[in-house]
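Overview (structure and organization)
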Amino acid sequence: MAEMLYEGKAKKVFATDNPNEVVIYYKDDATAFNGLKKGTIIDKGIMNNTITTFFFDLLAKNGIPHHQLKKLSDREVLCKKVSIIPLEVIVRNIAAGSLAKKMGIEEGLPLKKPIIEFCYKNDELGDPMVNDDYAEAFGIATDAQVTEIKSMALKINDILKKFLADRKVRLIDFKLEFGVDADGRVILADEITPDTVRLWDAGTNEKLDKDRFRRDLGNVEEAYQEVIRRLTK
């Protein structure tokens, strides 16, 4: 059995014979509110592996470097080993979730320009919001890395927004993570799934993401399956 290097809320990471490669295994566990709410979404790991592989392939074709190398099975993918930069990078196109609450507005307000937010990845602290200066001052990331991350995040937003609009899906907001590979390059890592992306039907604004689990809306598995259907049609 391969050595497990890390277990997070949604994935396990295993060592391989190559020190620069790891295997990521997608779990069915579902959490919300920094782990306060827990549950299971049937076959979520299979669906999220499928969705992330699809999105990462799409992004690679459009010049975005990422850590995925090869899908190995329904739940496993071979990836480059990276040193994760401990920043959650949130891109927002439409006010929803915590942003709508913070600004005292109803969900659904289109923003005049995309907002990029940084949160320091630390569950014990509740992933507090930080800015560019925090990243440099606390040694989280260099100014050059932050500039590159912001540029990549906006490009990813443009690619995904256009692609999803063609499939009658609104890209509300999403979370990205980046890592540094063995060559010192900043590349996209982690996942892009309904766990980390808010997706609304363009016609009805029906939620097609983990908000269905967070808010006890039901039909969670069906929403994830609908995302796959729209991506692959």
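Reading the values: rules and limits
Residues numbered from 1 in each chain as written. Predicted model: local features only at pLDDT ≥ 70, side-chain atom pairs only at ≥ 80, totals over all residues. Heavy atoms only, no water. Phe/Tyr/Trp six-rings, centres within 6.5 Å; stacked < 30°, edge-to-face > 60°. Buried < 20%, exposed > 50% of the residue type's maximum accessible area, 1.4 Å probe, protein only. Helix = DSSP H or I, 4+ residues; strand = E, 2+ residues; numbered from the N terminus. Pairing = 2+ DSSP bridges. Axes fitted to C-alpha atoms, helices over the stretch in contact; angles between N-to-C directions. Contact = heavy atoms within 4.5 Å. Parallel < 35°, antiparallel > 145°, perpendicular 65-115°, else oblique. Left-handed = near helix turned anticlockwise from the far one by under 90°. Nonpolar A, V, L, I, M, F, W, Y, C, P; charged D, E, K, R; others polar. Expected span 1.5 Å × (residues − 1).

1. Quick notes on the packing of aromatic side chains
One pass over the full model with this rule turns up three aromatic pairs. The interplanar angle of 75° and the centroid separation of 6.3 Å between the aromatic rings of Phe54 and Phe55 together place this pair among those described as edge-to-face. The partly exposed category is assigned to Phe54, whose relative accessible area is 26%. The exposure class assigned to Phe55 is buried, which follows from its relative accessible area of 2%. For the ring pair Phe54 and Phe163, a centre distance of 5.6 Å and an interplane angle of 50° mean the geometry is tilted. Of the two residues, Phe54 is situated in helix H1 (residues 44-61) and Phe163 in helix H4 (residues 143-165); the sequence distance between them amounts to 109 residues. Judged by its relative accessible area of 13%, Phe163 is buried. Three or more aromatic residues link up through ring pairs in this structure, and these residues are Phe54, Phe55 and Phe163.

2. Here we look at the sheet that holds strand E3 (residues 21-26)
Taking strand neighbours across the sheet as the criterion, the five strands line up as E1-E2-E3-E7-E6 in an open arrangement whose pairing is antiparallel. Every other strand in the sheet has two partners, leaving strand E1 (4-7) and strand E6 (68-71) as the edge strands with one partner each. When strand polarity is set aside, the average angle formed by the axes of neighbouring strands in this sheet is 25°. Against the sheet, H1 engages E3, E6 and strand E7 (76-80), with an angle of about 130° to E6.

3. Description of the environment of Ile84
You can see Ile84 is positioned in strand E8 (residues 83-84). Spatially, the C-alpha atom of Ile84 lies 6.0 Å from that of Phe178, the residues being 94 residues apart in sequence. Beyond its immediate chain neighbours, meaning those up to four positions away, Ile84 contacts Lys121, Glu177, Phe178, Gly179 and Ala189.

4. Notes on the environment of Ile192
Its location among the elements puts Ile192 in the loop between strand E13 (186-189) and strand E14 (197-201). The class of Ile192 is buried, set by a relative accessible area of 0%. Each C-alpha atom of the pair Ile192 and Asn49 lies 9.2 Å from the other, and the pair is 143 residues apart in sequence. Apart from the residues lying within four places of it in its own chain, the contact partners of Ile192 are Ile51, Thr52, Phe55, Phe56, Leu59, Leu160, Leu176 and Val197.

5. Quick word on the packing of H1 against helix H6 (residues 220-232)
Look at H1 against H6: their axes get within 10 Å of each other, and the N-to-C directions meet at 30°. The pairing of H1 with H6 is recorded here as roughly parallel in orientation. For H1 against H6, the interelement crossing comes out left-handed. Contact residues: H1 offers Lys44, Met47, Asn48, Thr50, Ile51, Phe54 and Phe55, while H6 offers Glu221, Tyr224, Gln225, Val227, Ile228, Leu231 and Thr232. When the residues that make up the contact of H1 with H6 are grouped by side-chain class, the tally is eight nonpolar, four polar and two charged.

6. Points about H1
Along an α-helix, a turn takes 3.6 residues, which lines up residues three or four apart on a common side. Taking 1.5 Å of rise per residue, the 18 residues of H1 would be expected to cover 26 Å, and the 26 Å separating its terminal C-alpha atoms lies within 8% of that figure. Taken together, the buried positions of H1 are occupied by Lys44, Gly45, Met47, Asn48, Asn49, Ile51, Thr52, Thr53, Phe55, Phe56, Leu58 and Leu59.

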